[in-house]
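Take a look at the letters that make up each chain.
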Amino acid sequence: MKTAPSDRPTSMSAYINYFSDRREALVDTIRQMAEMESPSDNKVAVDRLGTWLGARYEKLGGEVRFHPQERFGNHLQVDFPGREVVGRRKPKPCLLLGHFDTVYELGSLSRMPCKIEKGRLYGPGVFDMKSGIAFMLHAIEALQALHGDLPRPVRVWLVTDEEVGSQTSRLITEKLARQCASVLVLQPSAGVAEALKTARKGVGEYTVRVTGQAAHAGLDPSKGQSAIVELAHQITRIAGFGEPRRGLTVNVGVIRGGTRTNVVAAEASASIDVRIEKIGDAARIDRKMRALKAVNRKCKLEITGGMNRPPMERGAGTIALYAKARELAQEIGWKLEETAVGGGSDGNFTAALGIRTLDGLGGVGEGAHALHENVLIEALPRRAALIAGLLASV
Ligand SMILES: [Zn+2]
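Residues numbered from 1 in each chain as written. Predicted model: local features only at pLDDT ≥ 70, side-chain atom pairs only at ≥ 80, totals over all residues. Heavy atoms only, no water.

S.K.: What am I meant to see in unusual backbone geometry here?
M.R.: The phi angle of most residues is negative, glycine excepted, and most peptide bonds adopt the trans form. With an omega of -5 degrees, the peptide bond between aspartate 128 and methionine 129 qualifies as cis. If you trace the backbone, methionine 129 turns up in helix 4 (residues 126-147). Residues other than glycine seldom take positive phi values, yet lysine 118 does so here, at roughly 50 degrees. Here lysine 118 lies in the loop between strand 4 (115-117) and strand 5 (120-122). For lysine 118, a relative accessible area of 82% gives the class exposed. You will see that glutamate 194, though not glycine, has its phi angle at about 45 degrees, which is positive. For glutamate 194, the position within the fold is in the loop between strand 7 (182-185) and strand 8 (196-200). (Helix = DSSP H or I, 4+ residues; strand = E, 2+ residues; numbered from the N terminus. Buried < 20%, exposed > 50% of the residue type's maximum accessible area, 1.4 Å probe, protein only.)

Shown next, in the form of structure tokens:
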């Protein structure tokens with residue numbers, strides 16, 4: 001039986017049927033995007049993909065707007081006003097959040113060409129997160145096809161500097177998200193369970209620089225003040241700042257220092273990655289870092305850095321969105337799971353503003369940032385169907 005397009009939510013089984021018939025189209029879209037390489041630091045390449053995406057969204061009737069950038073690719077905003085319902089106030093848009101830059105340098109395609117093998121599509125960025133972008137495009141298209149128009153306003157926001165810390169996009173992300181009712185982040189799902197991400201750690205970075213006094217290691221070692229020895233003291237202190245039980249971890253990931261073996265080192269530095277689960281721990285770890293004092297008073301310490309992404313805590317808004325997603329999945333016999341992860345995304349920013357945010361809604365796969373990056377083709381229809389279902393009901 002054929003039903004007329006309506007603004008009533010279409011059932012998940014309709015979406016899954018729609019996408020099962022369009023698996024090839026999903027694969028095609030992901031593949032086309034992966035073959036347009038888009039390393040964060042190559043503006044020309046990223047803009048080429050941005051232009052292509054803008055054209056795809058324009059074809060769907062979206063209002064496309066680029067936010068120009070000097071160093072990075074232009075960020076892409078697309079708004080779909082959705083259907084007008086007489087006598088009913090329009091809801092705020094649902095934000096589909098993602099990034100189209102990748103960590104792979106230009107030319108990586110020759111080492112990791114797009115190919116299909118054993119039910120998986122391989123290629124740079126297919127998992128992180130070009131499959132997620134394909135879901136956005138195809139879910140909007142599906143809703144238009146099945147409902148005549150989008151049942152609600154939808155905003156797509158795709159940034160170009162996520163893989164390098166989102167410094168140029170963060171303020172715009174926050175501004176655009178504030179105008180929205182909820183945020184769906186189409187970053188990769190987690191693990192073989194293809195779980196959604198309902199909590200993410202906050203991420204910070206600190207640098208400790210030590211200045212000592214250089215001297216000849218053989219002729220007058222006593223005149224020297226070793227920055228390396230001082231840094232070694234500091235490293236053991238900093239390593240002790242971790243409190244894994246409360247989800248606070250500290251990793252001294254890089255050290256540098258000294259010039260030659262026969263010179264007492266005048267300079268040394270360490271870079272430290274900090275992760276927190278609770279927003280309150282940002283101040284806790286910051287206080288400890290800034291209170292570091294030189295053991296050798298003749299050495300000088302300089303501490304810079306701080307938190308750059310707040311944690312996405314598993315708040316009520318996130319739980320509500322996840323419950324809705326699980327209910328939709330259940331309709332097609334799919335038991336959806338959730339998990340907490342240590343990595344941050346732009347969803348951390350929106351969640352910290354109190355806007356309900358659900359993450360990990362993108363592709364199912366493995367090898368993000370690695371040579372064997374791939375997505376599971378069989379999972380594409382249900383993941384796309386879930387986005388359509390959420391857009392129609394949250
Ligand atoms: Zn990534």
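S.K.: Would you mind showing me how to read the layout of surface pockets here?
M.R.: If a probe the size of a water molecule is rolled over the atoms, the empty space left behind becomes visible. Taken as a whole, the largest pocket encloses approximately 510 Å³ of empty space. Around the largest pocket, the lining is made up of 25 residues, and of these Glu162, Glu163, Gly343, Gly344 and His369 lie nearest the centre. For the lining of the largest pocket, the secondary structure elements donating two or more residues are helix 4, strand 8, strand 9 (202-211), strand 13 (267-276) and strand 14 (300-309). When residues of the lining of the largest pocket are assigned to their parent elements, the largest contribution, three residues, is made by strand 9. The residue makeup of the lining of the largest pocket, split by class, is seven nonpolar, nine polar and nine charged. (1 Å grid on protein atoms, 1.4 Å probe; cavity = no way out; pocket = protein on both sides within 12 Å on 5 of 7 lines; lining within 4 Å. Points joined across faces, edges and corners; volume = space filled by probe spheres on them. Nonpolar A, V, L, I, M, F, W, Y, C, P; charged D, E, K, R; others polar.)

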